[in-house]
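Architecture at a glance
Spelled out from the first residue to the last, the chains are:
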Amino acid sequence: MCTFAKSNENQKLFMEFTAKQIAELIGGRVEGNEQSTVSTFAKIEEGREGAISFLSNPKYTHYLYETKSSVVLINDDLELEGPVKTTLIRVKNAYEAVARLLQFYEQMKPRKKGIDPLAFVSPKATIGTDVYIGPFACIGDGATIGDGTQVYPHVVVGDGVTIGQQCLLYPNVTIYQGCKVGNRVTIHAGSVVGADGFGFAPNQDGYDKIPQIGIVVIEDDVEIGANTCIDRSTMGQTIIHRGVKLDNLIQVAHNCEIGENTVMSAQVGLAGSTKIGAWCMVGGQAGFAGHIQVADKTFVGAQCGVISNTKGQGQQLIGSPAMDPKVYFKGMAVMKNLPQMYRELNELKKRVEELSGNK
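Residues numbered from 1 in each chain as written. Predicted model: local features only at pLDDT ≥ 70, side-chain atom pairs only at ≥ 80, totals over all residues. Heavy atoms only, no water.

Structural notes on the overall build of the protein chain
Scanning the protein chain for helices and strands turns up four helices and 40 strands. For a compact globule of 359 residues, the expected C-alpha radius of gyration is about 21 Å, and the protein chain comes in at 27 Å, more than 25% above that figure. When contacts within the protein chain are restricted to residue pairs at least 6 apart in sequence, those whose partners lie at least 24 apart make up 17%. When the accessible area of the protein chain is evaluated, it comes to approximately 20200 Å², of which 53% is carbon and sulfur surface. (Helix = DSSP H or I, 4+ residues; strand = E, 2+ residues; numbered from the N terminus. Rg over C-alpha atoms; globule rule 2.2 N^0.38 Å. Contact = heavy atoms within 4.5 Å. Areas by Shrake-Rupley, 256 points an atom, 1.4 Å probe, with all protein chains shown as cover.)

Shown next, in the form of structure tokens:
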């Protein structure tokens, strides 16, 4: 049976589990004391009694023999090089196992409910059951908030916005009028959904603003990092499909589309009308030119510059402009020799001039 225990480290209540219970939960196998109990998480190098850690990166293997954590998750195929003091739980993939445990822990945390008296909720808005709306949040006319959704302080939900069930909007999120958010979507602090796309037409005196009359659609199970901006479309929709995970500080321009389960690291930038396929992986600070299409399962390295359509599924790209990694590394190998090649070329030019002068 599970009991509640108080952690001396942070004075918060956590569920306390035995190694045996954890192993049953994640399909693992215990090596050591099955009754060893844990009530919190810790990195293996910062382990302490009552904590559970995990080992998946071989660089951290040496910590396994000295950690003070009570339980450590390890991969099935890890061969021990010496005795360990901690209780081990062997699983197929330690990283995936700890992710499941952290999800379970997150689900156990109590969720806030109710509308704070300092919040403003339009009488024309529709609010579901078990919703939390924090102080100074603003819910506009015709907005809909689904069951179990959490709206933290200073969030602005514009007129006509639809937000699904079990969503989480952290402080200072702004969702402009008419945009649609699916179920189980998390949007972190400071993000803006539905600001105007960057549309201006040059004239003799400057620029005429092109009204952006479309919306942003975010489908189910999407997570959006802090201070990320997703612009509304000029016409139609900017679409973030199901399961997409966006890091902090990402710019998604008007009329872009990001395919299912694509992930992007921080500071990625998409110009207008870029279409990214499903299951793509994009490294930090990568940039995409406008009006291009990127195929499914494309890997785009950090600081990559993609300026044209990609060739097919599963392609790997690095460099700016983007190219095949083999071509890129061959080019870099030549690049580092350019100073020497330059000196040799100048010497050859001098010798040719000398020989020419002797004729």
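Section: the environment of Gly-32
Along the chain, Gly-32 falls in the loop between strand S3 (29-31) and strand S4 (37-38). The spacing of Gly-32 and Tyr-342 is 310 residues in sequence and 65 Å in space, taken between C-alpha atoms.

A word on the pattern of salt bridges
Scanning all chains against the criterion turns up ten salt bridges. Between Arg-29 and Asp-76 there is a salt bridge; the shortest N-O distance is 3.9 Å. Of this pair, Arg-29 sits in strand S3 while Asp-76 sits in the loop between strand S7 (71-75) and strand S8 (87-91); the two residues are 47 residues apart in sequence, bridging distant segments of the chain. Note on Arg-29: relative accessible area 45%, which makes it partly exposed. On the basis of relative accessible area, Asp-76 is assigned to the partly exposed category, the value being 40%. Residues Glu-260 and Arg-242 are paired through a salt bridge, measuring 3.0 Å at the closest nitrogen-oxygen approach. On the criterion of sequence distance, the pair formed by Glu-260 in the loop between strand S31 (257-258) and strand S32 (263-264) and Arg-242 in the loop between strand S28 (237-240) and strand S29 (245-246) is long-range, its members being 18 residues apart. (Salt bridge = Lys/Arg side-chain N within 4 Å of Asp/Glu carboxyl O. Buried < 20%, exposed > 50% of the residue type's maximum accessible area, 1.4 Å probe, protein only.)

What to know about helix H1 (residues 19-26)
Residues Ala-19, Ile-22, Ala-23 and Ile-26 constitute the buried set of H1. Projected down its long axis, H1 shows its buried positions confined to an angular sector of 100°, all on one face. One or two steps after H1, the chain reaches Gly-27, where phi turns positive at roughly 70°. (Arc of directions from axis to C-beta.)

Some details on unusual backbone geometry
In this model, Ser-320 is joined to Pro-321 through a cis peptide bond whose omega is 5°. A positive phi angle is found at His-291, which is not glycine, with a value near 60°. Note on placement: His-291 falls in the loop between strand S36 (287-288) and strand S37 (293-294). Using a relative accessible area of 65% as the deciding quantity, one classes His-291 as exposed.

Examining the sheet that holds strand S11 (residues 126-127)
Here we have nine strands laid out as an open sheet, ordered S11-S14-S17-S20-S25-S28-S31-S34-S37, and parallel in their pairing. Only two strands of the sheet have a single partner each, and these edge strands are S11 and S37. In this sheet, strand S34 (residues 275-276) lies alongside S31 in parallel orientation, the contact comprising two bridges. Looking across to S34, one finds that Glu-257 is bridged to Lys-275. (Pairing = 2+ DSSP bridges.)

A word on the packing of aromatic side chains
In the structure shown here, the tally under the stated rule is eight aromatic pairs. Summarising the aromatic geometry, the rings of Phe-41 and Tyr-105 are spaced 5.8 Å apart at their centres and angled 65° between planes, so their arrangement reads as edge-to-face. Taken as a pair, Phe-41 in strand S5 (residues 40-41) and Tyr-105 in helix H2 (residues 94-108) lie far apart in primary sequence, 64 residues in all. Residue classification places Phe-41 among the partly exposed positions, given a relative accessible area of 26%. (Phe/Tyr/Trp six-rings, centres within 6.5 Å; stacked < 30°, edge-to-face > 60°.)

What about the side chain of Arg-232?
With respect to the helices and strands, the residue Arg-232 is situated in the loop between strand S27 (229-231) and S28. One buried charged residue, Arg-232, forms no salt bridge at all, with the nearest opposite charge on Asp-196 at 4.6 Å. A distance of 2.9 Å separates a polar atom in the side chain of Arg-232 from the backbone oxygen of Gly-214. (Lys, Arg positive; Asp, Glu negative; His and termini not counted. Polar contact = N/O pair within 3.5 Å; in protein donor to acceptor, adjacent residues only side chain to side chain.)

Let's talk about the pairing of strand S25 (residues 215-218)
Working note: regular strand, side chains alternate between the two faces of the sheet. The alternating pattern of S25 places Ile-215 and Val-217 and Val-216 and Ile-218 on opposite faces, both of which are buried. Pairing of strand S20 (residues 180-181) with S25, which is carried by two bridges, proceeds in the parallel orientation. Across the sheet, the residue bridging to Lys-180 is Val-217, located in S25. Where S25 lies against S28, four bridges are found, and the strand directions are parallel. Each residue of the ladder has a partner; that of Val-217, found in S28, is Ile-239.

Quick word on the packing of H1 against H2
The contact between H1 and H2 brings their axes to 10 Å, and the two run at 105°. The orientation of H1 relative to H2 falls into the category roughly perpendicular. Residues Ile-22, Leu-25 and Ile-26 of H1 lie in contact with H2, whose contacting residues are Ala-97, Arg-100, Leu-101 and Phe-104. Here the residues of the contact of H1 with H2 sort into six nonpolar, no polar and one charged. (Axes fitted to C-alpha atoms, helices over the stretch in contact; angles between N-to-C directions. Parallel < 35°, antiparallel > 145°, perpendicular 65-115°, else oblique. Nonpolar A, V, L, I, M, F, W, Y, C, P; charged D, E, K, R; others polar.)

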